Every structure is written in structure tokens, then in C-alpha cells.
Amino acid sequence: MNRSGLRLSPARAILGVIVALAAVFALPVAASAHDELLASDPASGSTVDQAPAAITLTFSGAVSQETGATVIEVTDATGAALVDGSPTITDNVVSQPLTPAQPGAVTVLWKVVSSDGHPISGELSFAVAEGAAPTPTADATVTPAPDAAASPSASAAETATATPSPTDTGEAASSTAAIVPWIIIGVVAAAVGGAIVYLLLARARGRTPGTGGGADR
């Protein structure tokens, strides 16, 4: 009976390790299933020659159209809010109308509810070049351009490089989540291998000569 109990104990230990690690392994897999921001127009970190009439965000899955589920805040370099009305949602694309932005950095904060019902959020920025043309409107009157040569400041702005913006949080989280499953797979493999070695050693000790096998005869 003692030997039988010794053989069952490692097997139960292996099963317990596998069940526990499988539960841990499921957590990052579920987290990585959330939708994420794929692209924006204007693109994050870019410099545009004309203030955009709208900011467009494209996600990896359909976005909830429930009232209040989507919130987009846009401010220009002066801190003025640029949001003009409510965003429009078409499947996985969100478009937010904007008022004209002043030259400089434009910051976009967004929050949506993804297709799995989980709220996701992030931040991006782009820049409007110095001397950029204003966003055209339907009732705008076209006036002749002055004959004077372009100012030096406008030429310098054309050669300026855009300041890189911080990496979107949603994209960073997704990259980290993609690495975690491989780490957990290694831990599971090591735990199962160690438990099997322990089981084999325990059985070998139970069959060693001199443990009472001759007395039974």
C-alpha cells in the first residue's frame, strides 16, 4: 500500500502543476485578444501641411456604437479644443470632425469600447506645419495670393523634422502580451519535465533490491 501511494503522489503533483499553470497561461492570452488601434489619419508622429478637417482612427475590430462609448479629445498647441461635434463610427473606423488647428503639435486622446466589450484607450499626436494653409470650408471666399516671396520661416518649416511622439499604449501592451505566452510555455514544460523525472526516480527506489522482495517469497 505504501508503494502504491508513492506512485500516485507524483502523478497528482503533475496534474496540479499543469492545472495551475494552465490557469495562469490563460490570462495573458485573454488580454491579448482585445482590439487595438491599427492606424490613424493623420498618422501618429507625422507633420501635415494643412490642418485636417477630421481625425480618423482605424481599429482591429468593430467599435461599439453605444452612446458615450466613444470619447475623443483633440487639442492644438495653444491648448484649444478642436472637437467639432460627435464622432461617426463605421464598423472599425471612427472619424471625429475638427475645427482648424493652430500650427504646432496636436494631441489626440481616445477611448472606445472594442468588439469584446472591453474599453481601450490611448494617445497620439501629430504636428501642423508653420504657415500651413487653413482647412477649406464650403463658404470660404478665395482671395488672390500676395506677390511677395515666401517668408524664410515658411521655408525653414518645410525642412523641419517632426518630433517623434510616444508609442501608443495600446500597441505596446499588445507587443508585451505576445511575448508572455512563450515564457509561460517554457515554465510549463520545465515543471512537467521535473515532475516526470521525480516520478521515475520514485519508482526506481521502490524496485531497488533488498527492500523486502526476498522476504515475500
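In what follows, the structure referred to is the one given above.
Criteria and cut-off values
- Residues numbered from 1 in each chain as written.
- Predicted model: local features only at pLDDT ≥ 70, side-chain atom pairs only at ≥ 80, totals over all residues.
- Heavy atoms only, no water.
- Helix = DSSP H or I, 4+ residues; strand = E, 2+ residues; numbered from the N terminus.
- Buried < 20%, exposed > 50% of the residue type's maximum accessible area, 1.4 Å probe, protein only.
- Core = buried A, V, L, I, M, F, W, Y, C linked by side-chain atoms within 4.5 Å.
- Phe/Tyr/Trp six-rings, centres within 6.5 Å; stacked < 30°, edge-to-face > 60°.
- Contact = heavy atoms within 4.5 Å.

1. Structural notes on unusual backbone geometry
A cis amide bond, omega 5°, links D41 with the succeeding residue P42. Backbone geometry at D91 places phi at a positive 60°, although glycine is not the residue there. Tracing the backbone through its elements, the reader meets D91 in the loop between β5 (88-90) and β6 (93-97). Its relative accessible area of 49% is what places D91 among the partly exposed residues.

2. So, the nonpolar core
The biggest cluster of nonpolar side chains holds 22 residues, and the ones touching the most others in it are L57, F59, V74 and W110. Taken together, the elements giving at least two residues each to this core come down to β3 (54-59), β4 (71-75), β7 (104-113) and β8 (119-133).

3. Some points on the packing of aromatic side chains
One pass over the structure, following the stated rule, counts one aromatic pair. With centroids separated by 5.1 Å and ring planes inclined at 70°, the aromatic side chains of F59 and W110 adopt a geometry described as edge-to-face. Of this pair, F59 sits in strand β3 while W110 sits in strand β7, and the two are 51 residues apart along the sequence. Owing to a relative accessible area of 3%, W110 belongs among the buried residues under this scheme.

4. Structural notes on the environment of D76
Within the secondary structure layout, D76 lies in the loop between β4 and β5. C-alpha separation for the pair D76 and G104, spaced 28 residues apart in sequence, amounts to 7.0 Å. When neighbours within four sequence positions are excluded, D76 is seen to be in contact with L82, A101, Q102, A105 and V106.

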